[in-house]
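Coordinate inspection notes
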Amino acid sequence: MSESFDARGLLADLTPDQQAAVTHGEGPLLILAGAGSGKTRVITRRVAYLLRSGVRPSNILAITFTNKAAGEMKNRVEKLAPGNRVWVSTFHSLGARLLRQYGERLGFDRNFTIYDMDDRNKIVKDALEASGIDNVKFSPERIGGAISKAKNQLLTPPEYARTATDFFQKTVGTVYPLYEKRLRAANAMDFDDLLYLPAMALKKNEELRAELDARFKYVLIDEYQDTNSAQYEIAKRLSLNYDNLCVVGDPDQSIYKWRGSDIKNILDFERDFPNARVITLAQNYRSTKAILHAASVLIDHNKQRKKKDLVTDNPQGDPVNILTFDNGLDEAEGVVVRIKEAVKAGAYKYRDHAIFMRINALTRSLESAFVKHGVPFQIVKGLAFFERKENRDVLAYLRLLANPQDTISFLRAVNEPARGIGKVSLDRLQAFAADQEIGLLAAAGQVARITEIKGKAATGLRDFHRMMTDLRARLDLPPHELVSLVLEKSGYEAMLRDSTDDEDAERLANVGELVTAAKQFHEANPESTITDFLEQITLASDVDGWDEQADHVSVMTLHASKGLEFPVVYVLAVEEGLLPHERSMGREDEIEEERRLCFVGMTRAMKELYLCHARLREFRGQLNYAIPSSFLQELPRDVRYSDTSMARNQARSAADEWRAKVGPAAKDWADTGARPVIPPKKPTDYKPTIPDAPETGLAVGVLVQHEEFGLGTVTDVSGYGALRRVKIRFPGHGEKTFVADKVKLKIVGRKKAGG
DNA sequence: CATTATATATTTTTT
DNA sequence: ATATATAATG
């Protein structure tokens with residue numbers, strides 16, 4: 001290929017395979033990119049390459065999995081090809097943008113609200129009640145999930161009803177159209193609509209399809225293995241006239257099947273696009289040989305898999321570690337202490353560490369361990385802040401301002417703070433609104449016409465409507481000023497300020513932070529409206545809130561870890577029932593997805609990898625035996641086992657207190673229920689990789705040499721990490737207690753048993 | 001209507 | 001164990 005432009009800077013540091021992917025010209029391209037093979041880099045370079053070769057930035061569309069990834073790619077492209085603003089976004093953001101831009105052509109109001117799962121379930125509940133099916137057999141969550149799945153498969157309500165066979169599906173078939181009606185009446189879209197409606201429009205409206213196809217001549221999609229049918233439809237229909245579709249993915253990292261993702265999309269790409277070029281990137285640049293080998297051996301247990309060997313030129317590195325703890329608390333503490341020690345030893349910074357787990361619930365014990373040891377951390381869960389009650393309340397006002405039809409937000413805001421408007425009055429108002437086919441806010445404006453509502457409720461509704469009308473006149477204010485105004489006019493701020501409740505003081509601070517968040521948004525996007533602000537919040541993914549600059553330990557779910565990398569990785573609770581999760585048990589394909597999830601977590605690690613499990617784990621307030629994950633058995637032999645729970649005989653660990661509380665039943669748990677799948681290990685098997693690790697070999701009966709007191713025998717060891725104390729009896733000096741971290745001791749040997 | 005007490009369900013993972 | 005939903009009470 002002869003370039004008439006300067007591509008040297010884009011290609012110099014790439015392998016031939018990577019270069020081929022970057023410089024591929026017209027036509028479909030499938031890049032099978034193994035974990036750590038530099039796929040983000042390739043996709044970014046490719047965009048820059050296209051720009052330098054003369055493709056107009058407006059003709060390029062790049063789809064990433066998170067908004068954060070989209071922002072980063074935008075910045076990198078900007079650096080490689082200055083002055084070019086390419087459209088990079090997630091599928092959902094793309095859908096929202098298309099719907100706002102072309103919605104009116106399709107019959108939608110552009111100021112629609114995006115409903116999250118919470119909102120969705122409330123609508124489902126309402127639709128369920130209205131359907132007359134009140135046997136409470138199926139939860140709104142379950143029905144909502146089924147509707148979501150239907151939309152992902154592009155099934156319309158009648159189509160779904162036609163294919164429904166069992167009672168559950170028939171129920172969903174009844175609720176689905178009612179649900180849709182309520183969404184449209186509220187001028188709202190759920191997450192799935194953002195894909196479903198554009199996909200349908202591209203399918204049905206050839207004029208629009210051809211227009212967008214020509215606009216997005218080059219489409220690039222990252223994490224293609226996790227696209228669903230609706231997303232596939234969008235990609236395909238944007239690539240009919242201009243089939244320059246470039247998809248990047250790794251079937252081994254497909255972890256969203258439960259959300260409707262179809263691994264077939266990537267496996268069948270060559271069939272869908274017969275002239276597709278396929279490039280495989282198998283070279284790993286991220287992990288040590290030890291880590292990559294362990295991950296490869298694990299994933300090789302998946303039967304439904306095209307075999308693929310990942311190779312790396314990186315050094316062998318330390319063996320992968322399997323850590324055994326007494327219980328969840330010890331696990332949390334043990335990991336935090338290890339990290340602290342590693343940082344203290346100067347080997348790593350806090351930000352080099354990440355802790356992953358299968359379920360969010362496990363972050364609780366970690367949180368207290370971090371606080372206890374003064375280790376900085378961030379729990380990467382993007383929406384958590386906006387999901388607090390007080391912030392949701394305030395956001396409900398904003399959503400209602402942006403979209404007066406928004407039922408859910410009206411119901412949330414109308415009596416918070418209390419305005420004397422109760423359930424009965426609201427039922428009457430809803431009946432009136434439904435009858436008149438108007439929104440709830442509009443109905444509140446006509447409260448005088450509703451004879452059944454009187455007294456406090458009537459004045460409350462009238463005042464609420466008047467206040468919202470006044471606020472709506474200020475809709476053009478920058479987001480943060482609008483938030484401040486809402487806080488003031490609604491009385492929400494006053495309510496919190498006048499409260500004597502301590503928690504309300506915190507809530508006040510939180511809504512204050514909401515103003516700050518809005519201000520930051522405004523500064524970053526000066527042109528944007530309140531609708532954009534709300535959209536960004538709703539479509540934010542967990543990692544979008546991650547601060548990767550700060551020096552702290554990152555804590556997140558395995559799902560959130562996709563696409564990231566860290567020098568040191570800990571995976572918690574690698575136990576049967578959690579990883580693989582019990583809900584996947586019995587279904588081989590779901591077990592395989594769990595294995596992929598484990599694989600994703602492992603392959604995030606660059607230098608050190610620790611897979612942890614505990615002998616006892618608390619679940620719903622109950623203590624249960626935990627069996628090490630079958631995945632651990634599938635690892636190669638050269639992993640390193642270390643059982644820190646061995647300390648239980650010497651140390652007064654948290655487990656002892658716990659066991660004492662639980663009583664004799666659990667006293668000899670170690671010898672009964674828990675059947676270690678892992679070969680039994682001796683404490684001496686463990687060689688700390690970091691200096692001053694909590695396991696310094698100090699145990700009762702160990703003979704030590706002290707600088708001042710001479711030879712002594714350890715009589716007690718307690719606590720962990722910096723708090724670890726060691727009691728030593730010195731002949732002639734009596735018993736002394738030291739902080740294990742601080743005291744200088746030389747281990748001389750072990751006293752004979754009984755001595 | 002609002003507040004409080006009791007019952008009940010809830011836990012996978014997420015745009 | 002905790003959070004939410006419903007029922008009972010003021």
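In this text, all values refer to a predicted model and were calculated from it rather than measured experimentally. Sequence order sets the numbering: in each chain, residues are counted from 1 along the sequence as written. Whichever chain is written first becomes A and whichever ligand is written first becomes 1, with later ones labelled in order. Only residues with pLDDT of 70 or above have their local features reported here, since the model is predicted, and side-chain atom pairs are shown and tallied only from 80 upward, although totals for entire chains, interfaces and linings are computed over all residues. Side-chain measures were taken over the full set of non-hydrogen atoms in the model, leaving aside hydrogen atoms and water.

Right, let's talk about helix α20 (residues 423-436) for a bit. We count a stretch as a helix when DSSP gives it H or I for four or more residues in a row; a strand needs E for two or more, and each element gets its number in order from the N terminus. The length a helix should cover is 1.5 Å for every residue beyond the first. Look at α20: 20 Å from first C-alpha to last across 14 residues, which is about the 20 Å you get at 1.5 Å a residue. Within α20 the residues assigned to the buried category are S425, L426, L429, F432 and A433. Buried residues of α20 fall within an arc of 120 degrees about the axis and therefore sit on the same side. Across from the buried face of α20, at angles greater than 90 degrees, the exposed residues are K423, V424, A434 and D435. Two residues or fewer after α20 comes E437, characterised by a positive phi angle close to 55 degrees. For each residue, the accessible area found with a 1.4 Å probe, counting protein chains only, is set against the maximum for its type, and the residue is called buried under 20%, exposed over 50%, and partly exposed in between. Throughout, the arc means the angular range of directions from the helix axis out to the C-beta atoms.

Moving on to the pattern of salt bridges. By salt bridge we mean one thing: a side-chain nitrogen of Lys or Arg within 4 Å of a carboxyl oxygen of Asp or Glu. Under the criterion given, the structure shown has 49 salt bridges. We note a salt bridge from D13 to R45, for which the minimum N-O separation is 3.0 Å. Of this pair, D13 sits in the loop between α1 (8-11) and α2 (16-23) while R45 sits in helix α3 (residues 39-52), and the two are 32 residues apart along the sequence. Residue R45 is classed as buried on the basis of its relative accessible area of 9%.

Most of strand β2 (residues 60-64) is tucked away, with 5 of its 5 residues classed as buried. The side-chain alternation of β2 yields two buried faces, one formed by I60, A62 and T64 and the other by L61 and I63. In terms of strand pairing, β2 meets strand β6 (residues 218-221) through 4 bridges, oriented parallel. Each residue of the ladder has a partner; that of A62, found in β6, is L220. Any two strands between which DSSP finds at least two bridges are classified as paired. For β2 and strand β3 (residues 87-90), the ladder comprises 4 bridges, and the chain directions are parallel. Across the sheet, residue I63 finds its bridge partner in β3, namely S89. Of the crossover connections in this fold, the one passing from β2 over helix α4 (residues 67-80) to the parallel β3 is right-handed. Classification remark: right-handed applies to a crossover when, strands pointing away from the viewer, the course from the first strand over the helix to the second runs clockwise.

Here we come to the environment of E206. In this fold, E206 is placed in helix α11 (residues 206-215). We classify E206 as partly exposed; its relative accessible area is 47%. Here a polar contact is recorded for every N or O atom pair within 3.5 Å, except that within protein the pair must consist of a potential hydrogen donor and a potential acceptor, and residues adjacent in sequence are included only if both atoms are side-chain atoms. A polar contact is formed between the side chain of E206 and the side chain of R209, at a distance of 2.9 Å.

All right, on to the domain arrangement of chain A then. Start and end positions for the domains come from either an automated domain assignment or a database one. The assigned domain composition of chain A is domain 1 (7-104 + 201-283), domain 2 (115-186), domain 3 (294-378 + 544-648), domain 4 (389-539) and domain 5 (702-750). One C-alpha centre belongs to domain 1, the other to domain 3, and the line joining them spans 31 Å. With 21 residues of domain 1 at the contact, the number on the domain 3 side is 22 residues. In total, domain 1 and domain 3 occlude about 2000 Å² of area from one another, counting both sides; carbon and sulfur atoms represent 48% of this. Here the quantity called buried area is the total loss of accessible area, with a 1.4 Å probe, experienced by two parts when brought into contact, counted for both. It is K68, D252 and I255 in domain 1 that bury the most area against domain 3; as a group they hold 34% of the surface buried on that side. Where domain 1 packs against domain 3, one counts 7 salt bridges. With its nearest N and O atoms 3.7 Å apart, the salt bridge here joins K68 to E548. In this structure, the connection of domain 1 to domain 3 is made through 15 residue pairs in polar contact (both at pLDDT 80 or more). Of the residues forming the side of domain 1 that touches domain 3, the biggest block, 3 residues, is contributed by α4. By residue class, the composition of the side of domain 1 that touches domain 3 is 7 nonpolar, 7 polar and 7 charged. Contacts were defined at the residue level, with two residues in contact if any of their heavy atoms lie within 4.5 Å. Residue polarity is assigned by list, with Asp, Glu, Lys and Arg as charged and Ala, Val, Leu, Ile, Met, Phe, Trp, Tyr, Cys and Pro as nonpolar; anything else, Gly included, falls into the polar class.

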